[in-house]
Amino acid sequence: MSNQALSVQHTDQKSSTTVPKPLSKPVFLNAAHLEDASIPLFRSPSGASLVNLDKVRSFGDLYNLTDPDIVDSEGSSSPISSDYEESPTGNKSLFDTVLLSEWEDRFERGLFRYDVTACTTKVLDGRWGFVAQLNEGRALNKRPTEFSVDKVMQPFDDSKFNFKKASQSEVIFQFGTSSDGCISFHPEESVSAEDSTMVLINVSPIEYGHVLLVPRILDNLPQQISVNELRLALQMAASANNPYMRVGYNSLGAYATINHLHFQAYYLMAPFPVERAPTTSLRCDKHGVRMMTLKEYPCRGLVFEGGDSIAHLADVVGRACERLQEINVPFNLLVVDCGARVFLFPQCFAERKALGLIEEDIMDTDVNPAAFEICGHIVLKRAVDFETASEAFTFRLLQAASLDAERFQEVCKLCTRD
């Protein structure tokens, strides 16, 4: 629903004055405005299995880059096609079809703050293939942070911006689960106050198809992960069934800017460097969830993959996140491989920044390493930084966010215990 004002000409019998139609009232995502609303609904199987996933490492490894298989809506697998390289709507799932069609509709209606498709992107020379983007529009238009950055757990504050204050025109669809194991899409559906999970466009996008997943939007959930909400993020990645779509999360203190629970997702037609990084195995739990640490990558991180279901993977990663929240360690997440693999980065960039420990040239770029940056997609705000971007600089940026070896080992033990 567009909030743009329309005007019509009314000719009064006593006067030929043009009378503009009154401005329509904005329609938001609060309880009052959603009570009688009809919003499309996408349903995903609640107990999705991961055992039939052909590839966990969709793009191979650091020494052997491979093209991912794309599984179409009929369940058949085929190598990537040249058409797919031009647009993420190639061998598309129902989720991709609906989401990208609606995202492009909002683009045509002018709901974004800038044209992200005009942003310049390049792969940096070097072993890792870091991806750099010049996005001056996001720097100028992104919403400022409205809370302190030294506490990971903070109460929801209705007086600050939250997604209930977003326009209904920004909603792509509701996102729910089905108990019959089927994926379905309903063009019109009422909103349940008990389960009002929304997928919205990100009006300050980083990439094509950039959306927000907001679990139970009416429940005033602060930006804190629990097992159930993480499961929704994994289900969304599984529903897309597209390795080019990744889901990210930033905690408070790790460059979330809104204290209302949300995940972000977008399509990047290149591997994130972290997806190809080597790993060291830690252990495997009774449900087959494998736990590892990254090797050689500039920011120390944990990797969780596989298991016999999304529920079990979400349970292991969700509990790790809850433990980090309890000890006030900021962190970022990236969900890849259609929901079968999750990277977890405890980080300390904001802490080191407050102590004056970040190098001056890194500070000058004003880049805050959140989930997508830490995983290798570097969003730069100034043309000069984009022109001079290098793998060596990116390494130093990500190393500045990393916990030191001793502290990371302590966090590892905490996050991977039963």
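In case you missed it, the structure is sitting above this.
Keep in mind the model is a prediction, meaning the values are calculated, not measured. (Residues numbered from 1 in each chain as written. Predicted model: local features only at pLDDT ≥ 70, side-chain atom pairs only at ≥ 80, totals over all residues. Heavy atoms only, no water.)

A. Local environment of the pattern of salt bridges. All chains considered together, the criterion is met by 17 salt bridges. Across the salt bridge formed by E296 and R127, the nearest N and O atoms sit 2.6 Å from each other. Placement of the pair is E296 in the loop between β15 (289–294) and β16 (302–306) and R127 in the loop between β6 (120–123) and β7 (131–134), with a sequence separation of 169 residues. Residue classification places E296 among the partly exposed residues on the basis of a relative accessible area of 42%. Note on R127: relative accessible area 40%, which makes it partly exposed. Between R341 and E305 there is a salt bridge, with the nearest N and O atoms lying 2.8 Å from each other. Separated by 36 residues along the polypeptide, R341 in strand β18 (residues 341–346) and E305 in strand β16 bring together distant segments of the chain. In this pair, the class of R341 matches that of E305, namely buried. In this structure, a network of salt bridges that share partners links the residues E102, D105, R106 and R109. (Salt bridge = Lys/Arg side-chain N within 4 Å of Asp/Glu carboxyl O. Helix = DSSP H or I, 4+ residues; strand = E, 2+ residues; numbered from the N terminus. Buried < 20%, exposed > 50% of the residue type's maximum accessible area, 1.4 Å probe, protein only.)

B. A look at the environment of Q174. By secondary structure assignment, the location of Q174 is in strand β8 (residues 171–178). Counting along the chain gives 17 residues from Q174 to V191, while the straight-line C-alpha distance between them is 8.0 Å. Once you skip the residues sitting within four places of it in the chain, Q174 turns out to touch I39, P40, L41, F42, E189, S190, V191, S192, T197 and M198. A distance of 3.0 Å separates a polar side-chain atom of Q174 from the backbone oxygen of I39. A polar contact is formed between the side chain of Q174 and the backbone oxygen of S190, at a distance of 3.3 Å. (Contact = heavy atoms within 4.5 Å. Polar contact = N/O pair within 3.5 Å; in protein donor to acceptor, adjacent residues only side chain to side chain.)

C. Region of interest: helix α3 (residues 94–108). Between the first and last C-alpha of α3 there are 21 Å, a value that for 15 residues agrees with the 21 Å anticipated at 1.5 Å per step. Inspection of α3 places F95, D96, V98, L99, L100, W103 and R106 among the buried residues, and these make up the whole buried set. (Expected span 1.5 Å × (residues − 1).)

D. The arrangement of the sheet that holds β6 in detail. Strand order across the open sheet formed by three strands is β6-β7-β19, with mixed pairing between neighbours. The sheet is open, and its two borders are formed by β6 and β19 (377–380), each paired with just one other strand. Sheet twist, expressed as the mean angle between neighbouring strand axes with direction ignored, is 20°. Sheet topology note: the β6/β7 ladder contains four bridges and is antiparallel. Its bridge partner being in β7, T121 is matched across the sheet by Q133. (Pairing = 2+ DSSP bridges. Axes fitted to C-alpha atoms, helices over the stretch in contact; angles between N-to-C directions.)

E. Spatial organisation of the side chain of D285. Residue placement: D285 occurs in the loop between β14 (279–284) and β15. R319 is the oppositely charged side chain nearest to the buried, salt-bridge-free D285, at an N-O distance of 5.3 Å. From its side chain, D285 meets the backbone nitrogen of V289 in a polar contact 2.8 Å long. In this structure D285 touches M291 and V316, once residues within four positions along its chain are discounted. (Lys, Arg positive; Asp, Glu negative; His and termini not counted.)

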